[in-house]
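# Chain and residue survey
Next come the chains, spelled out residue by residue.
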Amino acid sequence: MPEAPETEPAILAEDRERVRYITLNRPERRNALTMAQLGQLFDKLAEADAASDIGAIVIQGAGDAFCSGIDLDPDEIDLDYDSRSFEQELALVEPFRRFEEMWRLRTPIIASVHGYCLAVGTDIAFHADMTVCAEDAQFGYPIVRSMASPSTHMWTYLAGPQWAKRLLLTGDMIDGITAAKAGFVLEAVPVDKLANHTHALARRVATVPNDISAANKAICNKVLELMGYTAAQEAAREHNVIAHQSPAAQEFGQIIRTEGFKAARAWQAEQFG
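Residues numbered from 1 in each chain as written. Predicted model: local features only at pLDDT ≥ 70, side-chain atom pairs only at ≥ 80, totals over all residues. Heavy atoms only, no water.

### Structural notes on unusual backbone geometry
For clarity, the threshold we go by: Helix and strand assignments come from DSSP, with helices taken as H or I runs of at least 4 residues and strands as E runs of at least 2, each series counted from the N terminus. Partly exposed describes any residue whose relative accessible area lies between the buried limit of under 20% and the exposed limit of over 50%, with all areas from a 1.4 Å probe on protein chains only and scaled to the type maximum.
Of note, glutamate 17 is a non-glycine position whose phi angle comes to about 50°, a positive value. Mapping glutamate 17 onto the fold places it in the loop between strand E1 (11–16) and strand E2 (19–24). Accessibility expressed as a relative area gives 52% for glutamate 17, which makes it exposed. Notably, arginine 18 is not glycine yet its phi reads approximately 65°, a positive angle. Topologically, arginine 18 is positioned in the loop between E1 and E2. Given the relative accessible area of 28%, arginine 18 is considered partly exposed.

This is the structure in structure tokens:
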């Protein structure tokens, strides 16, 4: 039986005490986003940034996860890696360039992570200015085992090369406590305290006048620009395309198209052990 159509917007927005809450709202898919919905997220972030009465933005997920990645439904995303040129592949990852827009917004962004934060979920969380998470949150990029390389790269900036390689060379997941120790996130708190803890931090940030907050955010980001942030993101998109040329990635995509995502995951698990 086909799934019932979604009746609520995939991205919600609500204001509380100068804080704009942007909620990923596909709980039935653990907030996996289509490419169009990812674009809607960026649009919502831009709208919040343009609001003079908003001093901080919080991104969170509805249900039991923050974001489990891009929706790999073949009806939603083109998985025909074996039939595209390198240039066509680059065009398809062009939407991920909008993470750089997110990075350069004037308004501070806090990601509040619980449950799964996988693949593009990590792109979202790691492009926030600060990320707080539940102690039992799960961070990872499992498709590096057989499908792709991340389309953005904040891993090495946040945690250094060894932790970046530890996760990107295995596809393993780590919990929130480990993510905080490694430096991927600011801090981890018990899941039942996450919402209040996030709001207290966001409200504290929002107390600072917008123009002063923007100046202080900008200098932090400019230091990362001096460390090659823009070039790193360009390289990440290119390496994502290179990874798609792997026979393993092409087979993974073919299994999804013909047998479904569960079958592809089972094939990946069998290959990886």
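That covers the picture; the talk isn't over yet.
### Regarding the pairing of E1
The cut-off we apply is this: If DSSP finds at least two bridges between two strands, the strands pair.
Taken together, the six bridges between E1 and E2 define a ladder with antiparallel strand orientation. Paired with leucine 12 across the bridge in E2 is threonine 23. Between E1 and E2, which pair antiparallel in sequence order, lie two residues; one of them, glutamate 17, sits at a positive phi of approximately 50°.

### Observations concerning the pattern of salt bridges
Quick reminder of the rule: Should a side-chain nitrogen of Lys or Arg be within 4 Å of a carboxyl oxygen of Asp or Glu, the pair is scored as a salt bridge.
One pass over the structure, following the stated rule, counts 15 salt bridges. Here aspartate 129 ties to lysine 217 by a salt bridge, and the two come within 2.9 Å at their closest N and O atoms. Here aspartate 129 is found in the loop between helix H4 (120–127) and strand E6 (130–134), whereas its partner lysine 217 is found in helix H9 (residues 210–226), with 88 residues between them in sequence. Its salt-bridge partner being arginine 166, residue aspartate 172 comes within 2.9 Å of it at the nearest N-O pair. Judged by relative accessible area, which is 22%, aspartate 172 ranks as partly exposed. Salt bridges here are not isolated pairs; linked through shared partners, they connect Glu94, Arg97, Glu100, Arg104, Glu225, Glu234 and Arg237.

### Observations regarding the nonpolar core
Put simply, the rule is: Nonpolar cores are built from buried Ala, Val, Leu, Ile, Met, Phe, Trp, Tyr and Cys residues. Side-chain atoms within 4.5 Å join them into one set. In this description, contact between two residues means that some pair of their heavy atoms is separated by no more than 4.5 Å.
Ranked by internal contacts, the top residues of the largest apolar core, which has 61 residues, are Leu38, Leu45, Phe66, Val113, Ile124, Phe139 and Phe184. In terms of residue count, helix H1 (residues 35–50) provides more of this core than any other element does, five residues in total. Contacts of phenylalanine 139, omitting those with residues within four sequence positions, involve Val113, Cys117, Leu118, Phe126, Cys133, Asp172, Met173, Ile174, Asp175, Gly176, Ala179 and Val185. If you look at the next biggest cluster of nonpolar residues, it comprises 13 residues, including Ala56, Val189, Leu194 and Val205.

### Description of the sheet that holds strand E4 (residues 109–113)
What counts is decided by this rule: To define axes, lines are fitted to C-alpha atoms, for helices over the stretch in contact only, and angles between the resulting N-to-C directions are given on a 0 to 180 degree scale.
Sheet architecture is open: six strands sit in the order E1-E2-E3-E4-E6-E9, paired in mixed fashion. The sheet is open, and its two borders are formed by E1 and strand E9 (187–189), each paired with just one other strand. Strand-to-strand, the axes of this sheet are offset by a mean angle of 20°, without reference to chain direction. Across the sheet, H1 touches E1, E2, strand E3 (56–61) and E4, and the angle it forms with E2 is around 175°. Taken strand by strand, helix H8 (residues 194–207) contacts E1, E2, E3, E4, E6 and E9, and its axis lies near 165° from that of E6.

### Examining helix H10 (residues 229–244)
An α-helical turn contains 3.6 residues, so any two residues separated by three or four positions project in the same direction. The test is simple: Multiplying one less than the number of residues by 1.5 Å gives the expected span of a helix.
With 16 residues, H10 extends 23 Å between its outermost C-alpha atoms, agreeing within 8% with the 22 Å of an ideal straight helix rising 1.5 Å per residue. Residues of H10 that are buried include every one of Tyr229, Ala232, Gln233, Ala236, Arg237, Asn240, Val241 and His244, and no others. On its buried side, H10 packs onto helix H2 (86–92), helix H3 (98–104), H4, helix H5 (155–159), H9 and helix H11 (247–259).

### Thoughts on the pairing of E6
In the case of a regular strand, side chains alternate between the two sheet surfaces. When you tally the buried positions in E6, you get four out of five residues, the bulk of the element. Sheet topology note: the E4/E6 ladder contains four bridges and is parallel. Each residue of the ladder has a partner; that of alanine 111, found in E6, is threonine 131.

### Considering a nonpolar patch on the surface
Where we set the bar: Residues enter patches when they are more than 30% accessible in relative terms and free of salt bridges; like-charged ones are connected within 9 Å and nonpolar ones (Val, Leu, Ile, Met, Phe, Trp, Tyr) within 5 Å. Here, Shrake-Rupley sampling with a 1.4 Å probe gives the accessible areas, and only protein chains in the shown set may cover a residue.
Together, Ile219, Val223 and Met227 give the surface a local cluster of nonpolar side chains, amounting to about 280 Å² of exposed area. Along the chain, methionine 227 falls in the loop between H9 and H10. By relative accessible area, which is 52% here, methionine 227 ends up exposed.

### A look at the environment of leucine 169
Relative to the helices and strands, leucine 169 is located in the loop between helix H6 (161–168) and strand E8 (173–175). Once the C-alpha coordinates of leucine 169 and arginine 97 are considered, the two residues, 72 residues apart in sequence, prove to be 24 Å apart.

By themselves, these are just geometric observations and shouldn't be taken as functional.
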